[in-house]
Amino acid sequence: MSPFKGLIRQEEQESAPRTAIRHDWETSEIVDLLEAPLFDLLDEARTIHRRHHADGQVQLASLLSIKTGACPEDCKYCPQSAHYAKKTGLERESLLDVEDVLSKAALARNAGATRFCMGAAWRQVKDGPEFDKVLDMVRGVRALEMEACVTLGMVTKEQADRLADAGLTAYNHNLDTSPEFYNEIITTRTYDDRLDTIANVRNAGVEVCSGGIIGMGESIEDRARLLQELATLDPHPDSVPINALVPVPGTPLENLPRVEPLELVRMVATARVMMPTSFVRLSAGRECLNREAQILCFLAGANSIFYGEKLLTTANNDAADDRALIEEAGLRIKPACDS
């Protein structure tokens, strides 16, 4: 049976209604999508993408590590974990000053970024002077007429409300992988902890940015379950980052092979089919894709990228090259939202 039964087909009239938003995907359906003939999957993803994102815009998001290293979590992919610091050699850095962060945000804005994301290597937010500084950073980024996003670990309802009051646009909190494979990667935080933070953020009126990582030794079923968990959220995450593992020397996953480009394309396309209105963000691992593979990801439904030379502590593509690629693909840069 075709995995596309009941979905919009390419040959249907342009006046066809928008794809129904679903939150009831079965794992077997998603596996069928991930393993479908590539051209069929791309046709379906492209059709759905054009139904919901006909403007051809790409969101440029710049990411800055505002507090680096010494994280108490044991995420096996992450060089910022204190558990692996002796092997990775990554040294702890204190929280950056507000003025320093805002100067970098201004540089990112001038380079074309419309969203500025700030990441702190914390397990959870603690009330006090450091959190107050983060709130000032959010206010400052919004004053630059940019969207503001943070990833700070777990947050309570009250902290989420304070972030919302400061003007935060979005909160990133990835699920990383499937519930079944999760304990193979992380043991210091539960899957439910992550879902609770997502609920707190959403209830505060802040956009949810949540995705995962492929290439950590998971199965196709695990990838399907990750997407199923994301698509079960109601509403779907506003942004869905799709990451390919960057094997960092000194981390437990350092010897895993790089993800094949077409696996990333399939993940992007399946995410687009399942979550039609979300921004699907091509994230970590993109620097290993050639121009053709990146364009194929855009064709598959990616409409957001991290923009700038570094993603927290790993390398990223050159900003000028990104702008040239977007222009050559006939796409255009999304302006910042007003809210």
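The sections below set out a description of the structure shown in this document.

### A closer look at unusual backbone geometry
Following Asp234, the chain continues to Pro235 via a peptide bond in cis, the omega torsion being 0°. Summarising the element assignment, Pro235 is placed in the loop between helix H8 (220–232) and strand E7 (239–244). Here Glu145, not a glycine, exhibits a phi torsion of approximately 65°, which is positive. With phi around 75°, Asp176 is a residue other than glycine that occupies positive phi space. With respect to the secondary-structure elements, Asp176 resides in the loop between strand E4 (170–172) and helix H7 (191–203). For Asp176, a relative accessible area of 2% translates into the label buried.

### Observations regarding the packing of helix H4 (residues 98–110) against helix H5 (residues 129–143)
Interhelical geometry of H4 versus H5 gives an angle of 30° and a closest axis separation of 9 Å. Taken together, the axis directions place H4 and H5 in an arrangement best described as roughly parallel. The handedness of the crossing between H4 and H5 comes out as right-handed. Together, Val98, Val101, Leu102 and Ala105 of H4 and Lys133, Asp136, Met137, Gly140 and Val141 of H5 make up the contact between the two elements. Taken together, the residues of the contact of H4 with H5 break down into six nonpolar, one polar and two charged.

### Section: the side chain of Arg194
Assignment of secondary structure puts Arg194 in helix H7. One polar contact links Arg194 to Tyr182, side chain to side chain, over a distance of 2.7 Å. Excluding residues that lie within four positions of it along the chain, Arg194 makes contacts with Cys75, His173, Asn174, Leu175, Asp176, Tyr182, Ile186 and Arg189.

### Some remarks on the environment of Ile48
Relative to the elements of secondary structure, Ile48 occurs in helix H2 (residues 38–52). What makes Ile48 buried here is its relative accessible area of 0%. Ile48 sits 253 residues away from Gly301 along the chain, and the two C-alpha atoms are 8.4 Å apart.

### Quick look at the pattern of salt bridges
Scanning all chains against the criterion turns up 21 salt bridges. A salt bridge links Asp97 to Lys133, with the nearest nitrogen and oxygen atoms 3.6 Å apart. In this pair, Asp97 sits in the loop between helix H3 (85–88) and H4 while Lys133 sits in helix H5, placing the two residues 36 residues apart along the sequence. The exposure class assigned to Asp97 is partly exposed, which follows from its relative accessible area of 49%.

### Structural notes on the nonpolar core
Core analysis: the biggest nonpolar cluster contains 95 residues, and Ile66, Tyr77, Phe116, Met118, Val150, Leu152 and Tyr171 have the highest contact counts within it. Sort the elements by how many residues they give to this core and helix H9 (residues 261–274) lands first, with eight residues. If we ignore the near neighbours within four places in the chain, the residues touching Ile66 are Ser94, Leu95, Leu96, Val101, Met118, Gly119, Ala120, Val134 and Met137. Listed in part, the six residues of the second largest apolar core include Ala61, Cys149, Ala170 and Phe306.

### Re the side chain of Thr270
Within the fold, Thr270 resides in helix H9. Residues contacting Thr270, with those up to four places away along its chain left out, are Ile30, Leu33, Leu34, Leu41 and Leu227.

### What about the packing of aromatic side chains?
Scanning the entire structure with this criterion turns up one aromatic pair. Ring centres of Tyr182 and Tyr191 lie 5.2 Å apart, and the angle between their planes is 85°; on these two criteria the pair is classed as edge-to-face. Comparing Tyr182 with Tyr191, the two get one shared label, buried. Looking at Arg22, its charged tip hangs above the ring of Trp25, at a distance of 4.0 Å from the centre. In this structure, Arg281 is placed above the aromatic ring of Phe306, and the distance from its NZ or CZ to the ring centre is 5.3 Å.

The rules behind the values
- Residues numbered from 1 in each chain as written.
- Predicted model: local features only at pLDDT ≥ 70, side-chain atom pairs only at ≥ 80, totals over all residues.
- Heavy atoms only, no water.
- Helix = DSSP H or I, 4+ residues; strand = E, 2+ residues; numbered from the N terminus.
- Buried < 20%, exposed > 50% of the residue type's maximum accessible area, 1.4 Å probe, protein only.
- Axes fitted to C-alpha atoms, helices over the stretch in contact; angles between N-to-C directions.
- Parallel < 35°, antiparallel > 145°, perpendicular 65-115°, else oblique.
- Left-handed = near helix turned anticlockwise from the far one by under 90°.
- Contact = heavy atoms within 4.5 Å.
- Nonpolar A, V, L, I, M, F, W, Y, C, P; charged D, E, K, R; others polar.
- Polar contact = N/O pair within 3.5 Å; in protein donor to acceptor, adjacent residues only side chain to side chain.
- Salt bridge = Lys/Arg side-chain N within 4 Å of Asp/Glu carboxyl O.
- Core = buried A, V, L, I, M, F, W, Y, C linked by side-chain atoms within 4.5 Å.
- Phe/Tyr/Trp six-rings, centres within 6.5 Å; stacked < 30°, edge-to-face > 60°.
- Lys NZ or Arg CZ within 6 Å of the ring centre and 35° of its normal.

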